[in-house]
Amino acid sequence: MAHTIGGFMRVTDRARLLFGPATRGDTKAPVIHRHDDFELASEQELSSFEVESDSSGHHYAVRREDLWKEEV
């Protein structure tokens, strides 16, 4: 196990020398999301779901058009 970790550390040290240290931005700055076509399509598809919870606290998604089937 120590040999494996040592080998991994050598590889990461070489990568750091090649690419430089990892950049760390301002961790307190808000994350900026850029909405592309794929993300907008995903949001539109997910908007057709409603999140429900059962008596045990488990969460699950139900299509909005299927909600009336649960009530019957």
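The coordinates are above.
Since this is a predicted model, take the numbers as computed values, not measurements.

Colleague: When you look at the overall build of the protein chain in this model, what are you seeing that I'm missing?
Modeller: The secondary structure content of the protein chain amounts to 3 helices and 2 strands. Listing the helices and strands of the protein chain from first to last along the sequence gives α-α-β-β-α. Taking the principal axes of the C-alpha coordinates as reference, the protein chain spans close to 65 × 35 × 25 Å. Summed over all atoms, the accessible surface of the protein chain reaches about 7100 Å², with 59% contributed by carbon and sulfur. Charge centroids of the protein chain, computed over 9 positive and 14 negative side chains, lie 18 Å from each other.

Colleague: Explain the pairing of strand β2 (residues 59-63) to me, please; I cannot follow it from the model alone.
Modeller: Two faces make up the sheet, and in a regular strand the side chains alternate between them. For strand β1 (residues 49-53) and β2, the ladder comprises 5 bridges, and the chain directions are antiparallel. Bridge pairing in β2 links serine 53 to histidine 59.

Colleague: Looking at this structure, how should I read the pattern of salt bridges?
Modeller: As a working rule, side chains carrying opposite charge can pair if their charged atoms are close by. Evaluation of the coordinates by the stated rule reveals 2 salt bridges. Across the salt bridge formed by arginine 16 and aspartate 13, the nearest N and O atoms sit 4.0 Å from each other. Of this pair, arginine 16 and aspartate 13 are both found in helix α1 (residues 2-19), 3 residues apart, which corresponds to roughly one turn of the helix. Accessibility expressed as a relative area gives 45% for arginine 16, which makes it partly exposed. With relative accessibility at 37%, the residue aspartate 13 sits in the partly exposed group. Among the salt bridges present, the one from glutamate 50 reaches arginine 64, with a minimum N-O distance of 2.6 Å. Of this pair, glutamate 50 sits in strand β1 while arginine 64 sits in the loop between β2 and α3 (67-71); the two residues are 14 residues apart in sequence, bridging distant segments of the chain. Classification of arginine 64 as partly exposed rests on a relative accessible area of 44%.

Colleague: Any chance you could explain a nonpolar patch on the surface here in plain terms?
Modeller: On the surface, Met1, Ile5, Phe8 and Met9 cluster together into a nonpolar patch covering about 490 Å² of accessible area. Residue placement: isoleucine 5 occurs in helix α1. Judged by relative accessible area, which is 46%, isoleucine 5 ranks as partly exposed.

Colleague: Hey, could you run me through the environment of methionine 9 in this one?
Modeller: Mapped onto the secondary structure, methionine 9 falls in helix α1. On the basis of relative accessible area, methionine 9 is assigned to the partly exposed category, the value being 42%.

Thresholds, definitions, all that
Residues numbered from 1 in each chain as written. Predicted model: local features only at pLDDT ≥ 70, side-chain atom pairs only at ≥ 80, totals over all residues. Heavy atoms only, no water. Helix = DSSP H or I, 4+ residues; strand = E, 2+ residues; numbered from the N terminus. Areas by Shrake-Rupley, 256 points an atom, 1.4 Å probe, with all protein chains shown as cover. Lys, Arg positive; Asp, Glu negative; His and termini not counted. Charge placed at Lys NZ, Arg CZ, Asp CG, Glu CD. Pairing = 2+ DSSP bridges. Salt bridge = Lys/Arg side-chain N within 4 Å of Asp/Glu carboxyl O. Buried < 20%, exposed > 50% of the residue type's maximum accessible area, 1.4 Å probe, protein only. Patch = residues over 30% accessible without salt bridge, like charges linked within 9 Å, V, L, I, M, F, W, Y side chains within 5 Å.

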